[in-house]
Amino acid sequence: MLAAVLQFPGSNADFDAFHTLSHVVGVRTQYVFHKESALPADVDLVVLPGGFSYGDYLRCGAIARFANIMAAVRAHADRGGLVLGICNGFQILTEAHLLPGALTQNVNLRFECRDVSVRVEVDGPFTQDLRGRTLRLPIAHAEGRYHADAATLDALERNRLVAFRYVDAGDGEAANPNGSLHDIAGLYGGPKRNVLGLMPHPERASESLLGSVDGRLLFQSAVRAALAR
Amino acid sequence: MRARVYVTLKREVLDPQGEAVRKGLQSLGLAGVREVRVGKLIELEIDDTAGDVNEALRVAVEKLLVNPVIEDGRVEVEAAASTAAP
């Protein structure tokens, strides 16, 4: 099993993703720079990490979409390979049309940096046996409001591609931190639900020292999915 | 040649920034401002000897400058200023 963590100019959660995969989950992991035109031949999981790629100029993820490495990421996704976009990575996946819709300004205009509760809505490679579970994960974003037109939202619901939904944690905070339509926190896509994008940071909730180990479940599930292929 | 691309949020997309600006205007005493929508203006200087400018603009708008999921784009083209102008 080999995981690749992409590095764009302005990525800042690349080390977190590498650490979690390599040291917590125990997966062979390497960085892949955005200028590369190929992924490692035997790569199983590609992670687009959080951060502010290209300074978030124009729109979050809009310029990263044209990075050299993205053609290889698209080919990997089209082949059914696992792709995980976290936060800015999710924004990049929507801009690259690997996932539908768009992520835009939080409804309260604030950068939201806190823990949220999300419910796992469906099983998939990253959420095996987790359906119905509520996970406690941190968010850190100003542009996480999911938007798509009514027909797209309808198709997402009908095809059960909403992977995570914000739910009330009973902590007095708004359940939905950004105004996302349908309370969407994460989406599955790709030919086999092999592409996952989510705004919360599972890699920052994978060790008890960090307050939650719920995020580790996603990576462990992805490892099982990769090994089963 | 100079071109301007006006990028605006689609009607059905909530614009919290515009609403914040509207509240600011209300605080200024401008209670009559009912709605504010904030967009952006992108100016491009294009070498019109290097190929089809309209095609270049179309590609720029469709592929990068506007995200059609949430935004609309409008292009204005300004004729080249005469090089003899003072």
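As the structure is a prediction and not an experimental result, all values here were calculated from the model.

**Q** With reference to specific residues and values, describe the layout of surface pockets.
**A** Taken as a whole, the largest pocket holds about 440 Å³ of empty space. Along its surface, the largest pocket is lined by 26 residues, and Leu-58, Thr-104 and Gln-105 of chain A together with Lys-40 and Glu-71 of chain B are the ones closest to its centre. Every element with two or more residues in the lining of the largest pocket is listed here: α3 (88-95) and β5 (102-104) of chain A together with β1 (2-9) of chain B. Here the residues of the lining of the largest pocket sort into ten nonpolar, eight polar and eight charged.

**Q** An account of the nonpolar core is requested, with residue identities and associated values reported.
**A** Formed by 68 residues in total, the largest nonpolar core has its most connected members in Leu-48 and Phe-164 of chain A. Per-element tally for this core: the top contributor is helix α5 (residues 216-227) of chain A, with six residues. Look past the residues within four positions of Leu-48 of chain A in its chain and what remains in contact with it is Leu-6, Phe-8, Met-70, Val-73, Val-83, Leu-84, Gly-85, Ile-86, Gly-89, Ile-92 and Leu-93 of chain A. One finds Ala-3, Leu-44, Val-61 and Val-66 of chain B within the second-largest nonpolar core, a separate group that totals twelve residues.

**Q** Give me helix α2 (residues 53-65) of chain B: which residues, what numbers.
**A** Structurally, the α-helix is built with 3.6 residues per turn, so residues lying three or four positions apart point the same way. All names here are of chain B. Relative to the 18 Å expected for 13 residues at 1.5 Å per residue, α2 spans just 15 Å between its end C-alpha atoms, considerably shorter than the ideal helical length. Looking at α2, one finds that the buried residues are Val-53, Leu-57, Val-61 and Leu-65. Buried residues in α2, looked at end-on, bunch into an arc of 70°, giving them a common side. Each element contacted by the buried residues of α2 is listed here: β1, β2 (40-45) and β3 (71-78). Looking at where α2 begins, the residue whose side-chain oxygen comes 3.0 Å from the main-chain nitrogen of Asn-54 is Asp-52.

Rules behind the numbers
- Per chain, residues are indexed from 1 in the order of the written sequence.
- In the order they appear in the text, chains get letters beginning with A and ligands get numbers beginning with 1.
- For this predicted model, a pLDDT threshold of at least 70 governs which residues receive local features, and a threshold of 80 or more governs which side-chain atom pairs are given and counted, while totals over whole chains, interfaces and linings are taken from all residues.
- With hydrogens and water stripped out, all remaining heavy atoms of the structure feed into the side-chain values.
- A cavity here means a set of points on a 1 Å grid, drawn over the protein atoms and nothing else, where a 1.4 Å probe fits but cannot get out; a pocket is an open set with protein on both sides within 12 Å along at least five of seven lines, and a residue lines either one if it has an atom within 4 Å of a point.
- Grid points are joined across faces, edges and corners, and a volume is the space filled by probe spheres set on the points.
- Only DSSP runs of H or I with at least four residues qualify as helices, and only runs of E with at least two residues qualify as strands; both kinds are numbered from the N terminus onward.
- Residues are grouped as follows: nonpolar covers Ala, Val, Leu, Ile, Met, Phe, Trp, Tyr, Cys and Pro; charged covers Asp, Glu, Lys and Arg; every other residue, Gly included, is treated as polar.
- Side-chain atoms within 4.5 Å are what join buried Ala, Val, Leu, Ile, Met, Phe, Trp, Tyr and Cys residues into a set we call a nonpolar core.
- The buried label goes to any residue with under 20% of its type's maximum accessible area, the exposed label to any with over 50%, and the partly exposed label to all in between, with areas taken from a 1.4 Å probe on protein chains only.
- Whether two residues are in contact is decided by their heavy atoms: any pair within 4.5 Å suffices.
- To estimate the expected span of a helix, count its residues, drop one, and scale the result by 1.5 Å.
- As used here, the arc is the angular range of directions from the helix axis to the C-beta atoms.
- In protein, a polar contact requires one atom able to donate a hydrogen and another able to accept it; more generally it is a pair of N or O atoms within 3.5 Å, and residues adjacent in sequence count only if both atoms are side-chain atoms.

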